[in-house]
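Structural characterization, general
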Amino acid sequence: MSHKTQMNGSGKSSGGILPTKQRNEDLGRSKEAVEGRPLAKKNTDMPNSRRALNRGSESSGLDRVRQAAKQDKEKRFTTLLHHVTIQQLESSYYSLKRKAAAGVDGMTWEEYGEDLAGRLANLHGRIHRGAYRAQPSRRVWIPKPDGRKRPLGIAALEDKIVQHAVGRVLNQIWEEDFQGFSYGFRTGRSQQDALDALYVGITRKKVNWIIDLDIRSFFDKIGHDWMIKFVEHRIGDSRIVRLIQKWLKAGVMEDGKWFETEEGTPQGSVISPILANLYLHHVLDLWVKAWRRKVARGEMIVVRYADDAVLGFQYREDADRFLEQLRERLRKFGLELHPDKTRLIEFGRYATERRKKRGEGKPETFNFLAFHPHLWDEQQDRVLCRNPKDNRQTAGGQAEGHSAATAQADARGNSKHGRVAEVGGSGLFPIPCHSGQ
């Protein structure tokens, strides 16, 4: 595969694998159109009509960036920082969670808003003078469903604001590059959409084997040098690149001690999911797309949500070859598959019958976004899922930042994509089918 093939994807969905859904064309405006947040107490010098005008101007500028990225996949953007305006910073401030824990600065959302206009003007000036300094993340440990703990980095409030504003600019470009089978942490896409895509792939393609993919400690192992190379593929504004470098090198604070971060990106920071998607776009998604087109003998599907991915294959030989070559691919970028959580299992319409003929037990299950595609309902010709609360031992592969309860509530509550109904009180659920299919 050529360097050009690896580094430049079309950003289009592969036909027949993903459910039809509207493209995410208006990343910025849709977000602000429903915001409707009140003004901060001491920030009443700007009337609502003027704010609306400014926000409209901001959105039109970002729309032009997105159109340019869409029209020219080779274009490098050399002047982007001017899109990070005071109005953009203000919008980012109001997009943050008001009750979120404070970072190392101890600053809460409410406290920062007491002199919002003055603080944002000062922050804007420091960003554009090059005087802005990223602060280390405050590290806390949160429990995982399997009883272990994972680190979470809580950024300082100003870092959250700047990361959100810069991330919004960068997403105008990268959203035009990302592949259709990537769902995690993307505006307008949800866990429900990923489950829909998995349903369509499993039921409409010849899928007999599933690879349940798990990259070991992905967020902790992201290579900074590779990350900057991937950023610079499309971003030629050195000021934006330096901001990203500052966030990567800011380090973490734990129990009053500062620790350097030579690799990885803190889970919990605003910019981390965006950078993680970019990293996997170049390391995994473009490579998978090329492998499916050039190497696979049979049909193949892929659905990725953050660092969780499920791949389906028609032939066992393709699945074995893919796993072997993927290990080599990931090693080049300092990553590895988790030896216990990454599994190749027999699955599909005929898995039960084939395993019975061979004298083997029932097909195994796998975990994707807090649901376990578990059985095939032969009467209704559909896949069933098990709520992971019924089997906590296999819950280790759930998507970053989402609990089992959150994923289940997301799937149940998103009625426009179909319903997830309980089956016979057994904890089994049909994978939801997109309503338009």
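1. Description of the sheet that holds strand 5 (residues 257-259)
Sheet strands line up and pair through hydrogen bonds in the backbone, either parallel or antiparallel. Pairing in this open sheet of four strands is mixed, and the strands run 2-1-4-5 from one edge to the other. Only two strands of the sheet have a single partner each, and these edge strands are strand 2 (149-154) and strand 5. Averaged over neighbouring strand pairs, the angle between their axes works out to 40 degrees when direction is ignored. Here three bridges tie strand 4 (residues 252-254) to strand 5, and the two strands are oriented antiparallel to one another.

2. Digging into the pattern of salt bridges
With the rule as written, the count across this model stands at 14 salt bridges. Notably, a salt bridge pairs Glu176 with Arg66, separated by 2.8 Å at the nearest N-O pair. Remark: Arg66 occurs in helix 3 (residues 48-71) and Glu176 occurs in the loop between helix 7 (157-174) and helix 8 (191-204); sequence separation between them is 110 residues. The residues Glu176 and Arg66 share a single accessibility class, namely buried. The shortest N-O distance in the salt bridge between Arg216 and Glu336 comes to 3.2 Å. Of this pair, Arg216 sits in the loop between strand 3 (209-214) and helix 9 (218-221) while Glu336 sits in the loop between helix 13 (316-332) and strand 8 (343-346), and the two are 120 residues apart along the sequence. Exposure remark for Arg216: the relative accessible area of 32% places this residue in the partly exposed category. On the basis of relative accessible area, Glu336 is assigned to the partly exposed category, the value being 40%. Overlapping salt bridges, with partners in common, bring together Lys73, Asp177 and Arg234 in one network.

3. Quick look at empty space enclosed by the protein
Per the stated rule, a full pass over the model turns up four cavities of 30 Å³ or more. Empty space within the largest cavity amounts to approximately 100 Å³. Considering the residues around the largest cavity, the lining is formed by 14 residues, among which Ser137, Gln163, Trp247, Pro266 and Ser269 are closest to the centre. Secondary structure elements with two or more residues in the lining of the largest cavity: helix 7 and helix 11 (238-249). Of the residues that constitute the lining of the largest cavity, the class distribution is eight nonpolar, five polar and one charged.

4. What to know about the sheet that holds strand 6 (residues 300-305)
Taken together, four strands build an open sheet; the order of strands is 6-7-3-8 and the sheet is antiparallel. Only two strands of the sheet have a single neighbouring strand rather than two, namely strand 6 and strand 8. Here the strands of the sheet are splayed against their neighbours by 15 degrees on average, with no regard to which way each runs. Pairing of strand 3 with strand 7 (residues 308-313) involves six bridges; the strand directions are antiparallel. Residue pairing across strands places Ile211 opposite Leu311, the latter belonging to strand 7. Most of the contacts of helix 12 (residues 272-294) go to strand 6, to which it runs at about 175 degrees, and overall it touches strand 3, strand 6 and strand 7. Sitting on the sheet, helix 13 is in contact with strand 3, strand 6, strand 7 and strand 8, with an inclination near 15 degrees to strand 3.

5. Some words on a negative patch on the surface
Judged by side-chain charge, Glu110, Glu111, Glu114 and Asp115 come together as a negatively charged surface patch. Mapped onto the fold, Glu110 is located in helix 5 (residues 109-112). In this structure Glu110 comes out as partly exposed when scored by relative accessible area, which is 45%.

6. What to know about the pairing of strand 2
Of the pairings in the sheet, the one linking strand 1 (residues 137-143) to strand 2 comprises six bridges and is antiparallel in character. If you follow Ile142 over to strand 2, its bridge partner there is Arg150. Between the end of strand 1 and the start of strand 2, which pair antiparallel, lie five residues, with Gly147 showing a positive phi angle near 95 degrees.

7. Overview of the nonpolar core
Ranked by size, the top nonpolar core spans 75 residues in total, and within it Trp174 and Phe322 carry the most contacts. Grouped together as the second largest cluster of nonpolar side chains are 18 residues, Ile301, Ala306, Phe368 and Leu369 included.

8. Some remarks on the confidence of the model for the protein
A residue-level look at the protein finds 70% of positions with pLDDT of 70 or above and a mean pLDDT of 77. Counting contacts from residues 1-53, a segment whose pLDDT is below 50, to residues more than four positions away or on other chains yields 120 contacts. Below pLDDT 50 for its whole length, residues 374-381 participates in 21 contacts with residues either more than four positions away or in separate chains.

9. What to know about helix 7
Between its first and last C-alpha, helix 7 extends 25 Å over 18 residues, near the 26 Å set by a 1.5 Å rise per residue. Of all 18 residues in helix 7, 18 are buried; the element is thus mostly enclosed.

10. Regarding the environment of Ile228
Among the secondary structure elements, Ile228 is positioned in helix 10 (residues 224-234). Judged by relative accessible area, which is 11%, Ile228 ranks as buried. Once the C-alpha coordinates of Ile228 and Ile244 are considered, the two residues, 16 residues apart in sequence, prove to be 8.1 Å apart. Leave out the neighbours within four places in its chain, and Ile228 touches Val241, Ile244, Gln245 and Leu248.

Calculation criteria
Residues numbered from 1 in each chain as written. Predicted model: local features only at pLDDT ≥ 70, side-chain atom pairs only at ≥ 80, totals over all residues. Heavy atoms only, no water. Pairing = 2+ DSSP bridges. Helix = DSSP H or I, 4+ residues; strand = E, 2+ residues; numbered from the N terminus. Axes fitted to C-alpha atoms, helices over the stretch in contact; angles between N-to-C directions. Salt bridge = Lys/Arg side-chain N within 4 Å of Asp/Glu carboxyl O. Buried < 20%, exposed > 50% of the residue type's maximum accessible area, 1.4 Å probe, protein only. 1 Å grid on protein atoms, 1.4 Å probe; cavity = no way out; pocket = protein on both sides within 12 Å on 5 of 7 lines; lining within 4 Å. Points joined across faces, edges and corners; volume = space filled by probe spheres on them. Nonpolar A, V, L, I, M, F, W, Y, C, P; charged D, E, K, R; others polar. Contact = heavy atoms within 4.5 Å. Patch = residues over 30% accessible without salt bridge, like charges linked within 9 Å, V, L, I, M, F, W, Y side chains within 5 Å. Areas by Shrake-Rupley, 256 points an atom, 1.4 Å probe, with all protein chains shown as cover. Lys, Arg positive; Asp, Glu negative; His and termini not counted. Charge placed at Lys NZ, Arg CZ, Asp CG, Glu CD. Core = buried A, V, L, I, M, F, W, Y, C linked by side-chain atoms within 4.5 Å. pLDDT = per-residue confidence, 0-100. Expected span 1.5 Å × (residues − 1).

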